[in-house]
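Observations on the three-dimensional arrangement
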Amino acid sequence: MTAFDHDDEVVVIVGSGAGGGTLAHELTTRGIRVVLIEAGAHIRLEEHVNDEWEAFGQLAWTDARTTSGSWRIARDFPNLPAWVVKAVGGTTTHWAGATPRFLEHEFRARSTYGDIDGATLLDWPLTLAELAPYYDRAEIAMGVSHRHARKALPANNNYRVFANGAARVGYNFYATGPYAANAEPYDGRPATIQDGFNFQGDRSGAKWSTLVREIPRAEATGNLDLRPDCQVVQITHDARGRADAVIYVDADDNLHRQRARVVAVAGNSIETSRLLLLSASSRFPDGLANSSGHVGRHYMRHTTGSVYAQFEHPVHAYRGETMAGVIADEARHDPSRGFASGYYLETLSLGPAFLAAFAEPGSWGPDFTALLDGYANTAGLWIVGEDMPQANNRVTLNGTVTDGHGLPVAHVHVDDHPNDTAMREHGYRQAELLYDAVGSVSAHRTPPYPSTHNLGTSRMSVKPEDGVTNAFGRTHDVPNLFVSDGSVFTTGGAANPTLTIVALAMRQAEHIVDLFSRHEL
Amino acid sequence: MTSHATTEAPRRFLESERAHVLLVRVIRIAFPHDTLPDSAYERTADSLLDLAVRTNRMTLAVANGLDSLGSLPAGDFLGLTVEEAFEHLRAIERTEFFSFVRGNTVLTLYNLPEVWEVLGYEGASVEKGGYLTRGFDDLDWLPEPRVEEYSGEFSRVEIGALPYAVTTDPTPEPDRRTLPDRRTAADRRTAADRRRAPKRPGADEVTL
Ligand SMILES: Cc1cc2nc3c(=O)[nH]c(=O)nc-3n(C[C@H](O)[C@H](O)[C@H](O)COP(=O)(O)OP(=O)(O)OC[C@H]3O[C@@H](n4cnc5c(N)ncnc54)[C@H](O)[C@@H]3O)c2cc1C
């Protein structure tokens, strides 16, 4: 394994998930030396387990976080605002694989939706046309079904209910993808065995993740020094205000300093903002790259909710690819529905352990147990739509609660915007109608899970006073500091974010290489 | 027996048979399932008691919570009818004792393989080759759906209304959570037939 010296001037990437793993792969394969620092452990495929809580304990980020606001998460999961992973590969180890692209107008949210009260909408400094070539590359890398000659996944049981219901309510744009797991062997990885444990870490390697693809390939170049179990706790800068090193703490709580010519942060929105805020200095008293005051603000987590419907006949929805079912008809901006922007419906299934924990948090008694008694006959789906950015939906440092290293934890404040609530209601209703159309005997509205999509806390903007980063994720304040994850999303779009995170990281990598070759970095 | 009347510390009480029996009943009343074996409730109670004795805070809350079930105005909790027992749990829903029991039962009871089996969940599959040849697509009461993306006459609408009819309900009922369905199968067929979308090939095979 490659090991660089602490004094080597390398590119330091913080976090090895969708954004960081992709960036590391793109840079190392172009001959650039990278130190990839990952807070979590390097857990191999063969260690993954088909067990919901065990896999959660093995991979999820369970260090303390706190939350507040009107969103139900503050009541249901006060110490778990987000479901994200702390391990090599980041949350791509737990992700499912749904990979829609942003729509053209979603990059122009402010212009398209207009001035919505309480929302801090802004247009992206980037268009779909500019990102399209990178979307193509990302889809090819990830092996996205239904694209670039990749086969569609077969219809599993949950999809059978979902798609028939969709057809009967009149939807047309449904399919088993786009979805980033192999329907047939591709790119050196096998076809799915439909084990049903997408949210737990896929032992077979059929599901794309940076753990199975980008990281091993980056290591093979000899240009990657991967340091698992190391958490970056500060980014320092020199007298000119350029990032010059990161300080990280290892598993034994020892502090280390790694010199850097470039620092790229990809800790997944909440930790990315926390790190920038922890890196406050005399020059940046409100946090590194935060002269605008936007670091941590406009936190987005998508408007979500689930519906679990029971039938007279067995469904066995847990068998097979968890999210290989997408309906796109509602993912459009049609204010006649009573809200701006739109949402997707996607198949979703939990095992009894997670269903009990998440179906109706806080509930008990016969209404609750009925949800589980009907488990085998249950079909489920997820609503995922664009939520409104708001200035006070925000990640800050908690002044009193600290983590195992003694550092302030992230506090996440979220109030639902009326547009979010109206969209969620609409989604619930459409889902109920869909299941009713195929004979459901009951349907249950499940509130949002701890956020799996975390976006927007270092948003891209044309003007430095409107955001934290430019169209390449380069911070407005610090020329050699980049943000390489979903934090840079100016607005959230309705699409699940990972394909876009990967496409943006590929585009950013090209830009960094270009800046190097022009000696501008 | 109550812990007040003895010299037993709360931790000792939690190790007693009485505490165990009381807790089993609390869990059974709060999480009633006709189908679960007794052992599932027993094991859950054991595991919660093990957890409670680990901290003083929970030892105190759980010992006091259980102990006080012996001297309710209506008598001993073990002697109450199911309805009375349920109502009593409603009354103490906000206590630390009940929150502990509720929260940890959810995490424990539904994580037992014997419970999964009764609920019809087969669990871990990777060792068995996944569900690829073990029924991931064996649902036979609905027609085979399309898996490819739509390629018909309409193009995808990104802004504005759809040019085709979709069933919607402009005045949603405020709360349809877990409502038992009292409609007959015939009603349901009507609901399905109300669909405005054109029939898909094979839609006649529906056996509902
Ligand atoms: C159950 C589930 C299902 C999902 N399904 C889908 C889906 O179908 N489609 C989709 O598009 N998305 C899905 N997602 C979301 C997807 O996983 C994320 O969008 C994506 O992984 C985010 O990439 P990222 O690079 O921003 O962060 P991550 O992938 O979370 O990676 C961040 C990494 O940084 C590390 N890190 C953080 N702080 C530090 C630090 N200070 N020092 C060192 N390392 C640090 C973390 O440990 C982590 O490994 C799902 C998520 C979950 C939980």
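- Within an unreviewed UniProt entry, the label attached to chain A reads GMC family oxidoreductase, and the organism entered is Cryobacterium frigoriphilum.
- Looking at the Sequence similarities (unreviewed entry) heading of the UniProt record, one finds this comment for chain A: "Belongs to the GMC oxidoreductase family."

1. Looking at the overall build of chain B
- Counting its regular elements, chain B contains eight helices and zero strands.
- The N-to-C order of helical and strand elements in chain B reads α-α-α-α-α-α-α-α.
- When burial is assessed residue by residue, chain B has 40% of its 208 residues classed as buried.
- Of the contacts made within chain B by residues no fewer than 6 positions apart, 68% connect residues no fewer than 24 positions apart.
- Only carbon and sulfur atoms are counted for the fraction: they give 51% of the accessible area of chain B, which is about 11,700 Å².

2. What about the UniProt feature "domain: Glucose-methanol-choline oxidoreductase N-terminal" (unreviewed entry) in chain A?
- In the numbering adopted here, UniProt assigns the feature "domain: Glucose-methanol-choline oxidoreductase N-terminal" (unreviewed entry) to residues 129-302 of chain A.
- Structurally, residues 129-302 of chain A comprises 26% helix and 18% strand, and the distance from its first C-alpha atom to its last is 24 Å.

3. Description of the site of the ligand
Residue and element names in this part refer to chain A.
- In the vicinity of the ligand there are 39 residues, among which Gly19, Glu38, Thr91, Asn268 and Thr498 approach most closely.
- One of the backbone N or O atoms of Ala96 is found 3.0 Å from a nitrogen atom in the ligand.
- Ala266 places a main-chain nitrogen or oxygen 3.5 Å from an oxygen atom of the ligand.
- Relative to its unbound accessible surface of 1,000 Å², the ligand loses 98% to contact with the protein.

4. Quick word on the packing of helix α4 (residues 56-67) of chain B against helix α6 (residues 96-109) of chain B
All names here are of chain B.
- Two numbers describe how α4 lies on α6: the axes approach to 8 Å, and their chain directions differ by 100°. The angle between the axes of α4 and α6 places the two elements in the roughly perpendicular class. On α6, the residues touching Arg57, Met58, Ala61, Val62, Gly65 and Leu66 of α4 are Glu96, Phe97 and Phe100.
- Residue composition of the contact of α4 with α6, grouped by class: six nonpolar, one polar and two charged.

5. Examining the interface of chain A and chain B
- At the junction of the two partners, chain A supplies 88 residues and chain B supplies 80 residues.
- For the pair chain A and chain B, the summed buried surface comes to about 7,400 Å²; carbon and sulfur atoms form 56% of the total.
- When the buried area of chain A at its contact with chain B is split by residue, Arg160(A), Arg168(A) and Trp364(A) rank highest and sum to 12% of it.
- Our count for the chain A to chain B interface comes out at six salt bridges.
- We note a salt bridge from Arg429(A) to Asp169(B), for which the minimum N-O separation is 2.7 Å.
- For the pair chain A and chain B, the interface holds 38 residue pairs in polar contact (both at pLDDT 80 or more).
- Examining the composition of the side of chain A that touches chain B, we find that nine residues originate from one element, helix α6 (residues 157-169) of chain A, more than from any other.

6. Some words on the pairing of strand β12 (residues 378-385) of chain A
Residue and element names in this part refer to chain A.
- Counting buried positions along β12 gives eight out of eight residues, so the element sits mostly inside the fold.
- Alternating residues of β12 divide into Thr378, Gly380, Trp382 and Val384 and Ala379, Leu381, Ile383 and Gly385, and every residue in both groups is buried.
- Relative to β12, strand β9 (residues 303-310) is paired through eight bridges, and the arrangement is antiparallel. When the sheet's bridge partners are listed, Val307 is paired in β12 with Leu381.
- In the sheet, strand β11 (residues 343-347) pairs with β12 via five bridges, with the strands oriented antiparallel. Opposite Tyr344, over in β12, you have Val384 as the bridge partner.

7. Regarding the environment of Ser487(A)
All names here are of chain A.
- Counting through the fold element by element, Ser487 comes out in the loop between β16 (481-483) and α12 (498-517).
- C-alpha separation for the pair Ser487 and Ser273, spaced 214 residues apart in sequence, amounts to 8.1 Å.
- Not counting chain neighbours up to four residues away, the residues in contact with Ser487 comprise Ser269, Thr272, Leu455, Gly456, Thr457, Ser458 and Arg459.

8. Considerations on the UniProt feature "domain: Glucose-methanol-choline oxidoreductase C-terminal" (unreviewed entry) in chain A
- Residues given the UniProt feature "domain: Glucose-methanol-choline oxidoreductase C-terminal" (unreviewed entry) here are residues 389-505 of chain A.
- Along residues 389-505 of chain A the backbone is 24% helical and 20% strand, and the end-to-end C-alpha distance reaches 22 Å.

9. Brief notes about the pattern of salt bridges
- Summed over all chains, the structure comprises 46 salt bridges over all chains.
- In this structure, the salt-bridge partner of Glu139(A) is Arg101(A), at a minimum N-O distance of 2.8 Å. With a gap of 38 residues between them, Glu139(A) in helix α5 (residues 128-142) and Arg101(A) in the loop between α3 (73-76) and α4 (109-113) connect regions that are remote in the sequence.
- The class of Glu139(A) is buried, set by a relative accessible area of 1%.
- Through salt bridges with shared partners, a single network forms among Arg101(A), Asp136(A), Glu139(A), Arg147(A) and Glu149(B).

The rules we used
Every chain is numbered independently, its residues counted from 1 as its sequence is written. Chains and ligands are labelled sequentially in the order written, the chains with letters from A and the ligands with numbers from 1. The model is predicted, so local features are restricted to residues of pLDDT at least 70 and side-chain atom pairs to those at 80 or more, both for listing and for counting; the totals for chains, interfaces and linings are taken over all residues. Only hydrogens and water are set aside; all other atoms, that is, all heavy atoms of the structure, feed into the side-chain values. UniProt positions are given in the numbering used here, feature names are shortened, and annotations may be inferred rather than shown by experiment. A helix here means a DSSP run of H or I that spans at least four residues, while a strand means a run of E at least two residues long, and both kinds are numbered starting from the N terminus. When a residue's accessible area, from a 1.4 Å probe over protein chains only, is under 20% of the maximum for its type it is buried; when over 50% it is exposed; and in between it is partly exposed. We call two residues in contact whenever any of their non-hydrogen atoms come within 4.5 Å of each other. Calculation of accessible area relied on Shrake-Rupley with a 1.4 Å probe; when residues are assessed, cover is drawn exclusively from the protein chains displayed. Neighbouring residues are identified by heavy atoms, a residue being near a molecule or strand if any of them is within 4 Å of it. We define a polar contact as two N or O atoms separated by no more than 3.5 Å, with the added condition that, inside protein, one atom must be a possible hydrogen donor and the other a possible acceptor, whereas residues neighbouring each other in sequence contribute only through side-chain atom pairs. What counts as an axis is a line fitted to C-alpha atoms, over the stretch in contact for a helix, and the angles between N-to-C directions run from 0 to 180 degrees. Put simply, angles under 35 degrees are roughly parallel, angles over 145 are roughly antiparallel, angles from 65 to 115 are roughly perpendicular, and the rest are oblique. Any residue that is not Ala, Val, Leu, Ile, Met, Phe, Trp, Tyr, Cys, Pro, Asp, Glu, Lys or Arg is counted as polar, Gly included; the first ten are nonpolar and the last four charged. Once two parts are put together, the accessible area they lose, assessed with a 1.4 Å probe and summed over both, is termed the buried area. Here, a salt bridge means any side-chain nitrogen of Lys or Arg that lies within 4 Å of a carboxyl oxygen of Asp or Glu. The rule for pairing is simple: two strands pair if DSSP sees at least two bridges between them.

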